[in-house]
Amino acid sequence: MDDADVRFRTERLVVVRRWRPEDRDAYARINADPEVMAFLGPPMTRQQSDALARYGESWVVQAGLGLLPAVRAADGEVLGMCGLHRHRWYPAEVEIGWRFARNAWGHGYASEAAEGWLAEAFGASGLSHVISIIHGANLRSRAVATRLGMTQREETRRTGPDGHDEPIVVFELTAATWAARATDVSGRIR
Ligand SMILES: CC(C)(COP(=O)(O)OP(=O)(O)OC[C@H]1O[C@@H](n2cnc3c(N)ncnc32)[C@H](O)[C@@H]1OP(=O)(O)O)[C@@H](O)C(=O)NCCC(=O)NCCS
């Protein structure tokens, strides 16, 4: 992989700065999967998926954020998407988001990518906190947030992508909690 567009690496993943044409094919398959989209709205067309990739990319330019592909370092497989953006429901805050291929669930890849993005958020970007907006019934996503040390800030209801009223949970992690947790983790390793 050309290093010029690498945003950061984790133990098993590479997160790249730019979506490439070959990434978009894999992303379209992920976004067309009804199981992946269970809490996110109807499965997406190719055009909608490409637009979502462009949206994710646009955050790199406008704010140093980005919803970018998470690529397995070992074989270059696009496993999913993870990153930071400002959600239209909470535009004053930065949301961390994740979406992975069904066959990539259950390996810790989403949490690994998200940990990398938290280091970006609280390191280079200097954010005070990040949030994650999750459908109340999306237990796998709630588990990722909890694994990252995020805590529940708010339970509310919103009109979802299919026009129905949906329960949502807003998770939050502050820079101070993240820093204390990072110290704990390194303490445990030592
Ligand atoms: C939400 C989503 C990303 C979670 O994926 P996930 O793989 O369950 O999450 P993680 O990366 O944290 O992996 C944790 C699982 O991997 C297992 N695992 C295996 N190896 C691991 C390792 N080396 N490190 C950590 N976990 C590991 C864990 O035990 C856990 O398994 P479990 O669910 O059986 O308990 C995924 O379900 C998804 O993409 N859903 C559809 C899109 C979506 O809803 N996005 C969220 C919108 S708010």
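Our subject is the structure that appears above.
Note that residues are indexed from 1 along each chain, following the sequence as it is written. With the structure being a predicted model, the display of local features is reserved for residues of pLDDT at least 70 and the display and counting of side-chain atom pairs for 80 or more, all residues being used for whole-chain, interface and lining totals.

Moving on, we get to the site of the ligand. Nearness is defined per residue: the C-beta atom, placed using the backbone, must lie within 6 Å of the molecule or strand. Residues in contact with the ligand amount to 20 residues; listed here are only the nearest, Trp105, Gly108, Ala110, Ser111 and Arg140. Going along the chain from the N terminus, every DSSP run of H or I of four or more residues is numbered as a helix, and every run of E of two or more is numbered as a strand. Taken together, the elements giving at least two residues each to the shell around the ligand come down to β5 (95-100), α3 (109-122) and α4 (139-147). Considering every element that reaches the shell around the ligand, the biggest residue donor is α4, with four residues. A per-class count over the shell around the ligand returns 10 nonpolar, seven polar and three charged. Any residue that is not Ala, Val, Leu, Ile, Met, Phe, Trp, Tyr, Cys, Pro, Asp, Glu, Lys or Arg is counted as polar, Gly included; the first ten are nonpolar and the last four charged.

Quick look at the nonpolar core now. Only buried residues count toward a nonpolar core: Ala, Val, Leu, Ile, Met, Phe, Trp, Tyr and Cys, linked into one set through C-beta atoms within 7 Å. Exposed residues have 12 or fewer other C-beta atoms within 10 Å of their own C-beta, buried residues have 20 or more, and residues in between are partly exposed; the C-beta atoms are placed from the backbone. Counting residues in hydrophobic clusters, the biggest one holds 46 residues, and the most contacted among them are Ala70, Ala113 and Ala114. The greatest single-element share of this core, amounting to eight residues, is contributed by α3. Those residues in contact with Ala114 that lie beyond four places of it in its chain are Cys82, Ile96, Trp98, Val144 and Leu148. Here, residue contact means that the backbone-derived C-beta atoms of the two residues sit within 7 Å.

With that out of the way, let us pick up helix α1 (residues 21-31). Those residues of α1 that fall on the buried side of the exposure criterion are Tyr27, Ile30 and Asn31. What you see down the axis of α1 is that its buried residues fit within an arc of 85°, all on one side. Pointing more than 90 degrees away from the buried face of α1 are the exposed residues Pro21 and Glu22. Those residues of α1 hidden inside the fold are in contact with α2 (46-63), β3 (66-72), β4 (78-85) and β5. When we speak of the arc, we mean the arc of directions from the helix axis to the C-beta atoms.

What follows deals with the environment of Glu172. Summarising the element assignment, Glu172 is placed in strand β8 (residues 165-174). For Glu172, a count of 16 C-beta atoms within 10 Å gives the class partly exposed. Separated by 18 residues in the primary sequence, Glu172 and Glu154 have C-alpha atoms spaced 9.0 Å apart. With sequence-adjacent residues up to four places away left out, Glu172 is seen in contact with His129, Ile131, Met150, Thr151 and Arg153.

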